[in-house]
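Read off the chains here:
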Amino acid sequence: MSTSSEIPQQENPEILIRPIDIDRYPAFFTAAHRETFRLTFGSEITDEFLEKEFARTRAASAGDVNAVVGAFIDDWIAGLAILETRSRAGAAQAGWIHFYYVAPSFRRRGVGLQLVGYSAEYYRALGINKFFLRVGEDNLSAQAFYLNTGFYRIPEEDIISLNGVKELMMAFDIGK
Ligand SMILES: CC(C)(COP(=O)(O)OP(=O)(O)OC[C@H]1O[C@@H](n2cnc3c(N)ncnc32)[C@H](O)[C@@H]1OP(=O)(O)O)[C@@H](O)C(=O)NCCC(=O)NCCS
C-alpha cells in the first residue's frame, strides 16, 4: 500500500482528469467536504450535510458521467470537481461549479488550473459559454485562485448564506 512519503513531489506533474465514482473514494470525498465547509462557513460539517453532498454528487454523476471528475497524479487522487448545469432567470443555460478541491499535499502545482480548464471544455461541448460559482468571503486563498485563473466577481449577486457567511459570486467566460 502507498504511504504519504511516496506522494509524487515533482513540480510540474502529469495530471490526468477522468470521471470518477465517488463511492470508490469516500475518505477523499469526506476530507474534501470537511475542509471546504470549515474554510467557507467556519464550522464543522454535519453528518447530515455530508450525506446530502454524497447524494447530490451521485445525482450529478448519474445525470452525466463526465460531470464528476477526479484529478490524478500517478495513481493518487489529488483533486475533485463537481460540475452542474442550471437555468438562470431569463437567460440561457449556464454552468455551475458545485465544488473544486485539491488535496493539501498537491496544491500549487497546477491541479486546480487543470480542473478549471476541464470545466471550460466540458461546458463548451454542451454549447454553454459561461460558468459560475460562489466562494466564502473569508476563503481568501480560493478567491486568489479564482481571480488568477480567469474568474471575475459579480458583487450584485453575492448572497448571505449558512452561519451568516457572505458568499461571493464569480463567473468565467468561455472564449470561442
Ligand atoms: C483553491 C484550490 C482548488 C486551488 O488549487 P491548486 O491546485 O492549489 O491551484 P493551482 O496550483 O492550479 O493554482 C493556480 C494559480 O492560482 C493562484 N493560487 C492558487 N492557490 C493560491 C493561494 N493559496 N494563494 C494565492 N494564490 C493562489 C496562483 O496564482 C496559482 O498559480 P501559481 O501557483 O503559479 O502562482 C485549492 O487550494 C483548494 O482545494 N482549497 C481548499 C478547498 C477550497 O477552498 N475550494 C474552493 C471552495 S469555493
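Just so it is clear, the structure is predicted and the values come from calculations on it, not from any experiment. Every chain's residues receive numbers from 1 upward, in the order its sequence appears when written. It should be noted that, the model being predicted, local features are given only for residues of pLDDT at least 70 and side-chain atom pairs only at 80 or more, the latter also being counted only at that level, while totals for whole chains, interfaces and linings use all residues.

Caption draft 1: Main features of the overall build of the protein. Helix and strand counts for the protein come out as four helices and eight strands. For the protein, the succession of helices and strands along the chain, N to C, is β-α-α-β-β-β-α-β-α-β-β-β. When its C-alpha atoms are laid out on the principal axes, the protein stretches across 50 × 40 × 30 Å. Contact between two residues is assigned when their C-beta atoms, built from the backbone, lie within 7 Å. Long-range contacts, defined as pairs at least 24 residues apart, comprise 64% of the intrachain contacts of the protein with a sequence gap of at least 6. In this description a helix means any DSSP run of H or I spanning at least four residues, a strand means any run of E spanning at least two, and both kinds are numbered starting from the N terminus.

Caption draft 2: Here's a closer look at the nonpolar core. Counting 34 residues, the largest nonpolar core has Ala81, Ile82 and Phe99 as its most contacted members. Those elements that provide at least two residues to this core are helix H1 (26-41), strand S2 (68-73), strand S3 (76-87), strand S4 (93-102), helix H3 (111-125), strand S5 (130-136), helix H4 (140-148) and strand S8 (166-173). Ala81 has contacts with Val69, Phe99, Tyr100, Leu115, Tyr118 and Ser119, leaving out every residue within four places of it along the chain. Definition of nonpolar core: a set of buried Ala, Val, Leu, Ile, Met, Phe, Trp, Tyr and Cys residues joined via C-beta atoms within 7 Å. Whether a residue is buried, exposed or partly exposed follows from its count of other C-beta atoms within 10 Å of its own C-beta, namely 20 or more, 12 or fewer, or something in between, respectively; the C-beta atoms are built from the backbone.

Caption draft 3: Quick peek at H1. Each helix should span, by expectation, one fewer than its residue count multiplied by 1.5 Å. With 16 residues, H1 ought to run about 22 Å at 1.5 Å a step, and its terminal C-alpha atoms sit 22 Å apart, in line with that. Those residues of H1 that are buried lie in contact with helix H2 (47-63), S3, S4 and S5.

Caption draft 4: Structural view of the environment of Asp138. Within the secondary structure layout, Asp138 lies in the loop between S5 and H4. The exposure class of Asp138 is partly exposed, given the 13 C-beta atoms found within 10 Å. Each C-alpha atom, one on Asp138 and one on Arg108, is 19 Å from the other, the two residues being 30 residues apart in sequence.

Caption draft 5: Representation of the environment of Ile154. Looking at the secondary structure, you find Ile154 in the loop between strand S6 (152-153) and strand S7 (159-160). Ignoring sequence-local partners within four residues, the contact set of Ile154 consists of Met169, Met170 and Ala171.

Caption draft 6: Structural view of the site of the ligand. Using the backbone to place each C-beta atom, any residue with that atom within 6 Å of a molecule or strand is considered near it. Surrounding the ligand, one finds 21 residues, the nearest of these being Arg107, Gly112, Ser141, Ala144 and Asn148. Of all the elements in the fold, those that place two or more residues in the shell around the ligand are H1, S4, H3 and H4. At five residues, H4 tops the list of elements feeding residues into the shell around the ligand. Along the lines of polarity and charge, the residues of the shell around the ligand split into 10 nonpolar, seven polar and four charged. Side-chain classes are defined by residue name, with Ala, Val, Leu, Ile, Met, Phe, Trp, Tyr, Cys and Pro counting as nonpolar, Asp, Glu, Lys and Arg as charged, and the others, Gly among them, as polar.

Caption draft 7: Broad picture of the pairing of S2. The buried count for S2 comes to five of six residues, which makes it a mostly enclosed element. At least two bridges found by DSSP between two strands are what make those strands a pair. The pairing of strand S1 (residues 15-19) with S2 spans five bridges and is antiparallel. Residue pairing across strands places Ile15 opposite Ile73, the latter belonging to S2.

Caption draft 8: Layout of the environment of Leu83. Inspection of the secondary structure puts Leu83 in strand S3. Between the C-alpha atom of Leu83 and that of Arg34, which follows or precedes it by 49 residues, the distance is 19 Å. Apart from residues no more than four positions distant in its own chain, Leu83 is found in contact with Ala67, Gly95, Ile97, Ser119 and Tyr122.

Caption draft 9: Seen up close, unusual backbone geometry. Residues other than glycine seldom take positive phi values, yet Asp74 does so here, at roughly 50 degrees. Looking at the secondary structure, you find Asp74 in the loop between S2 and S3.

Function cannot be read off these values alone, since they describe shape.
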